[in-house]
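Examining the three-dimensional arrangement
One letter stands for each residue in the lines below.
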Amino acid sequence: MSSIAKKPCPYMEKCYRKNPIHFSDMSHPHLEKLLANRLDDAIEIPAVLHFTCNDRAQLLDQLKVLQMVLRKERDKNVGNSLSMPSNSSSQSPTTSDTKNDLKEKAEKHNKMMEQRRQDKLGQMDAEAEALFTAKEEGESSKRKRNQELSTSDASVTKKIKQLSIEKGNYSQGSQWSASASQSSSTSAERDASYAATGTSIMDMYQACDSEKSRRDVRQKAIQMMRRSGYVVSVAEPGEFAVKYALSAPYHLFFTRVERSKETYGQQFSITFPEILDRSLGEIVNSLHLNFMVDAGWLCLQYLLAGQRTDMMILYADRVDEEKLSRNITMIHVEMPSRYGCHHTKIMILQYKDDGIRVVVSTANLYSDDWENRTQGLWISPHLPLLPESANSTDGESPTGFKKDLERYLSKYRHPALTQWVWAVRKADFSAVNVFLIASVPGTHKDVEADFWGHRRLAYVLSRHATLPPDAPQWPIVAQSSSIGSLGPNYDSWLSKEIIPSMSRETTKGLKSQPNFQFIYPSIENYKQSFDCRNLSCCLPYSAQVHSKQEWIESYLYQWRATRTGRDRAMPHIKSYTRISPDLKSIPWFVLTSANLSKAAWGVQRNNHYVMSYEAGVVFIPKFITGATTFPIQDEDDPAVPVFPISYDLPLSRYGSSDKPFVSEFLRTRL
């Protein structure tokens, strides 16, 4: 422990924080008492506590963080009278080695997080003055990446809650025996062997060779986590196919919010295991393209769904250090420019019948993004295997989705993706009714320019979006979780490129530009959020960037989502649309990973220049309902379902004292 006296936490036994910095600065006697002489051991919460505790799962999270902090302080102050005594002489070599491994892992993690924090501050301080060059745009993307990685130190300890129980827990035979008592003798013998060797639940699961054995291990994992005091909220398998059918014709979902019970029964709410639900088919292989990935957490989702974990993951940043089995391939995406970002969020699931399913979302693959934030997902229908006699052009969607997805995957130029390009090529996409809109890094010329970014959106809208004569009165409503460097005024990029692209429609002729309305959380929105309670954040917008474009405040609107029960769930979702003046209909809708930035959407120089990988889908009414608009309020016509919008209407403009959330706000809360 530290030799420097700490001030007691003012919240005392009611402290809810789980941030390592907070525990480094403040003392918590009620927690420290539980860890006395147990800094290297698995944490066990006594049945009877010496203080009032209403949330044992939160308590365990806090103890995990505090244990890590105290271990670090102890190791820095060997010989200090407050340090824990060594008992290595009484340990067996195997136990000693395990504890040393855990200690080294904790130290490595602390160093990594501290370095990332310093990198983030350095990036903020190094923000360039000019805002039009590619370098500044890239710096913004890189800053976003570093901030997303470092804004929630507690996420690593939360992972422990959702991953397999640590090896030390498996050596406790009584726990394991209780959960294994209903298994067959063969299973029991295998479990005893795993327990003796300290093998994790994920190792057990990946060794399963049948559906029954996967179900058994899944049930054990849930039982063990619940016995340890964790809140394991899992949708029961086998029921999602009905919910998916009821989501037609849009198949658009929002993530369920753990702290908002109102979202649990909603038809359009979804948990990660539901995406993998066996009622949709038995998964034999998966492809994940994403930005931030916690591979261990991702494997647990497959365990909870009772599905195989064979998968390929292309990622930008990995936030865990779990040892993975050989059936999981991790590929780091090398960017052509160090300022770009692999920000895409796509899944392709391959089933036992060789059919596939495509999922396009806004969520990273780690726990925070799936718990108490607002995320959006589009899930394709099952796309069956074409007959062997089919031509290469068969099975195309009316929207050209198949060709666009093939083109996107091919842009990675990675041999490992060849099998997935072929899986797409051999699938029947005729049931897909949305357009794919993606971005890939590079300078795009001639026809190629209309394949990517805002140029692609303009191309689709100009051919398929139909608006009434009063189109200029239908404002463009944008909503994202970050803001890039947009220039010194509205005309620099928004009015010059983005607004014209989003104003395109099939009707030709000169029209005035529509108004622009941008939904982005204010500081007050964040203060009321679930993220604020945990001092985590998914809004990597810096004060340095905002100081150069304060004009954006004239276009800002609050995050309000009481209608869907997501008012306190900060939006990591990104969406773009136009809304009728009476707030009853929209002519199109975009769900995408792309924030409002040049790096994501592209900027016009001599050619169309894009810096990041992004992916989204465009909903156009004539391909889905046969109409020219989607209803967004309950109408008399039950034949056309209401299109789900996550935020409240009418929009709430920023007040005179409101300011957009910037990441520096977190420092004032530590």
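Basis of the calculations
Residues numbered from 1 in each chain as written. Predicted model: local features only at pLDDT ≥ 70, side-chain atom pairs only at ≥ 80, totals over all residues. Heavy atoms only, no water. Helix = DSSP H or I, 4+ residues; strand = E, 2+ residues; numbered from the N terminus. Buried < 20%, exposed > 50% of the residue type's maximum accessible area, 1.4 Å probe, protein only. Pairing = 2+ DSSP bridges. Contact = heavy atoms within 4.5 Å. Axes fitted to C-alpha atoms, helices over the stretch in contact; angles between N-to-C directions. UniProt positions renumbered as here; feature names shortened; annotations may be inferred. Polar contact = N/O pair within 3.5 Å; in protein donor to acceptor, adjacent residues only side chain to side chain. Salt bridge = Lys/Arg side-chain N within 4 Å of Asp/Glu carboxyl O.

On to unusual backbone geometry, then. Here the bond from Ala-248 into Pro-249 is cis, since omega is 5°, no more than 30 degrees from zero. Within the secondary structure, Pro-249 is located in the loop between helix H12 (240-246) and strand S3 (252-255). In this chain, Leu-649 is followed by Pro-650 through a cis amide linkage whose omega measures 0°. At Leu-535, a position not held by glycine, the phi torsion is positive, near 55°. Judged by relative accessible area, which is 4%, Leu-535 ranks as buried.

What follows deals with the sheet that holds strand S20 (residues 574-578). The strand order S14-S25-S22-S20-S16-S17-S18 describes an open sheet built from seven strands, whose pairing is mixed. Looking along the sheet, the strands with just one partner apiece sit at the ends: strand S14 (435-439) and strand S18 (556-557). Here helix H15 (residues 401-410) sits on the sheet in contact with S14 and strand S25 (614-619), set at roughly 20° to S14.

A few words now on the UniProt feature "active site" (unreviewed entry) in the protein chain. Residues given the UniProt feature "active site" (unreviewed entry) here are His-343 and His-572. Separation in sequence by 230 residues is not matched in space for these annotated residues, since their most distant C-alpha atoms are only 12.4 Å apart. With respect to the helices and strands, His-343 occurs in the loop between strand S9 (328-332) and strand S10 (346-351). When its relative accessible area of 0% is taken as the criterion, His-343 is described as buried. With respect to the secondary-structure elements, His-572 resides in the loop between strand S19 (570-571) and S20. Within the structure, His-572 has its side chain in polar contact with the backbone oxygen of Thr-362 (distance 2.8 Å).

This paragraph deals with helix H18 (residues 494-502). Residue pairs three or four apart in sequence face the same way in an α-helix, which turns once every 3.6 residues. Judged by how many residues are buried, H18 sits mostly within the fold: seven of nine residues are covered. By the burial criterion, the buried members of H18 are Leu-494, Ser-495, Glu-497, Ile-498, Ile-499, Ser-501 and Met-502. If you follow the buried residues of H18, they end up packed against helix H17 (453-464), strand S16 (476-479), strand S17 (516-519), S20, helix H22 (598-601) and strand S23 (603-604).

This part covers the environment of Tyr-526. Looking at the element boundaries, Tyr-526 is found in helix H19 (residues 523-527). Once residues within four sequence positions are removed from consideration, Tyr-526 is found in contact with Asp-531, Cys-532, Leu-535, Ser-536, Cys-537, Met-570, Phe-661, Phe-665 and Leu-666. A distance of 2.6 Å separates the side chain of Tyr-526 from the backbone oxygen of Ser-536, its partner in a polar contact.

Evaluated as defined, the whole model comprises 17 salt bridges. A salt bridge links Lys-352 to Glu-282; the nearest nitrogen and oxygen atoms lie 3.8 Å apart. Within this pair, whereas Lys-352 is found in the loop between S10 and strand S11 (356-361), its partner Glu-282 is found in the loop between helix H13 (272-275) and strand S5 (283-289), the two being separated by 70 residues in sequence. Residue Lys-352 is classed as exposed on the basis of its relative accessible area, which comes to 60%. A salt bridge links Arg-373 to Asp-531, with the shortest nitrogen-to-oxygen separation between them at 2.9 Å. Taken together, the residues span a long stretch of sequence, with Arg-373 in strand S12 (residues 373-374) and Asp-531 in helix H20 (residues 530-534) at a distance of 158 residues. Residue Arg-373 is classed as buried on the basis of its relative accessible area, which comes to 0%. For Asp-531, a relative accessible area of 5% corresponds to the buried category. Because the salt bridges share partners, they merge into one network encompassing Arg-278, Glu-282 and Lys-352.

Time to look at the pairing of strand S22 (residues 589-592). Alternating positions in S22 separate into two faces, Phe-589 and Leu-591 on one and Val-590 and Thr-592 on the other, with burial throughout. Taken together, the four bridges between S20 and S22 define a ladder with antiparallel strand orientation. Bridge pairing in S22 links Ser-575 to Leu-591. Sheet topology places S22 next to S25; four bridges connect them, and they run antiparallel. Across the sheet, Val-590 pairs through a bridge with Val-618, a residue of S25.

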